[in-house]
Amino acid sequence: MAKQAIEEWTSLFTGLSKLPPDVRAILHRDARRVTAKAGERVFGVGTMPQSLLFLLDGTLRVSQTSDTGREIVLYRVEAGQSCVMTTACVLAHEAYLAEGFAETDVSAMALPMATFDRLFAEQPAFRDFILAAYTRRITDLFRIIDEVAFGRIDVRLASKLVQLAGDNRELRTTHNALASELGTAREVVSRQMTEFQKRGWLSQSRGLVVLEDRDALSALSET
């Protein structure tokens, strides 16, 4: 029964599934399932992490807000991933510098800091898993910094629209939300959305964007 329960969640994480059975048994014993409803804040600026989260279901959005109120989405955590912001804070024993919100209903396994510290110090395979995930996400954050600092807004917006729409033609979003995704002002997004609409690439109404020419948007996003 214990082995089955271990496999039910550690198998979602490539690194964890390769850990020795005794280490996975510790994860199963100490980790606790936690849930959050869509829109609920999971952690906030200035709070200390109590555990490391391994996401089982749903999407967690991690963002940072400037003193002027401008928000930028740093990254999202999907099922089968751990949160690098939490990892960094757990490693440094420091408070969060960003906020995490449940973008959908989420379910996660929460590993207490004491267990994390022990496994990180004593189990090379667990340490390698944590550092590999941390490195990948840090690379993503540097890419975001590069895009915000040097990327063309039309290219970035086209790419974000295609990404957020996924396989769908319609996308429920607002200019404010898109501005947060891109780390820019709403007015900048509004001007560019109007330009895309003039080209016939999309149509928009309150809270809804329809990708009329996905190929054109995709082509621009790849320039």
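Sequence order sets the numbering: in each chain, residues are counted from 1 along the sequence as written. Selection of residues for local features in this predicted model requires a pLDDT of at least 70, selection of side-chain atom pairs for listing and counting requires 80 or more, and totals for whole chains, interfaces and linings are taken over all residues. Computation of side-chain values covers all heavy atoms of the structure but excludes hydrogens and water.

Asker: Before we move on, can you summarise the packing of aromatic side chains with the specific residues and values?
Answerer: Here a pair means two rings of Phe, Tyr or Trp (six-membered ring of Trp) with centres within 6.5 Å. Their orientation is stacked below 30 degrees between planes, edge-to-face above 60, and tilted elsewhere. Per the stated rule, a full pass over the model turns up eight aromatic pairs. Taking the centre distance of 5.4 Å and the plane angle of 80° together, the rings of Phe13 and Phe54 count as edge-to-face. Of the two residues, Phe13 sits in the loop between α1 (2-10) and α2 (14-17) while Phe54 sits in strand β3 (residues 51-57), which places them 41 residues apart along the sequence. Here the aromatic rings of Phe116 and Phe126 are separated by 5.9 Å at their centres, their planes lie at 70°, and the arrangement is edge-to-face. Separated by 10 residues along the polypeptide, Phe116 in helix α5 (residues 113-122) and Phe126 in helix α6 (residues 124-150) bring together distant segments of the chain. Here Phe116 matches Phe126 in class, with each residue buried. The ring of Trp201 carries Arg199 above its face, with NZ or CZ at 4.7 Å from the centroid. Numbering of helices and strands runs from the N terminus, with a helix taken as a DSSP run of H or I at least four residues long and a strand as a DSSP run of E at least two residues long. With a 1.4 Å probe rolled over the protein chains alone, any residue whose accessible area is under 20% of its type maximum counts as buried; one over 50% counts as exposed, and the rest are partly exposed. Here, a charge over a ring is recorded when the distance from Lys NZ or Arg CZ to the ring centre is within 6 Å and its angle to the ring normal is within 35 degrees.

Asker: Got a sec to walk through α5? Specific residues and values, please.
Answerer: Every α-helical turn comprises 3.6 residues, leaving residues that sit three or four positions apart pointing alike. Among the residues making up α5, those that are buried are Met113, Thr115, Phe116, Leu119 and Phe120. An end-on view of α5 places all buried positions within 155° of arc, on one side of the element. Across α5 from its buried face, at more than 90 degrees, point the exposed residues Ala114, Ala121 and Glu122. Summarising the geometry, the arc corresponds to the directions from the helix axis toward the C-beta atoms.

Asker: Help me get a handle on the side chain of Ser63, residues and values and all.
Answerer: Relative to the helices and strands, Ser63 resides in strand β4 (residues 59-65). In this structure Ser63 comes out as buried when scored by relative accessible area, which is 1%. At 2.7 Å, the side chain of Ser63 and the side chain of Glu71 are in polar contact. The contact criterion used throughout is that any non-hydrogen atoms of two residues lie within 4.5 Å. Other than its neighbours up to four places away in sequence, Ser63 contacts Glu71, Ile72, Val73, Leu74, Ala98 and Glu99. N or O atoms closer than or at 3.5 Å make up a polar contact, with two conditions inside protein: a donor-capable atom paired with an acceptor-capable one, and, for residues adjacent in sequence, both atoms drawn from side chains.

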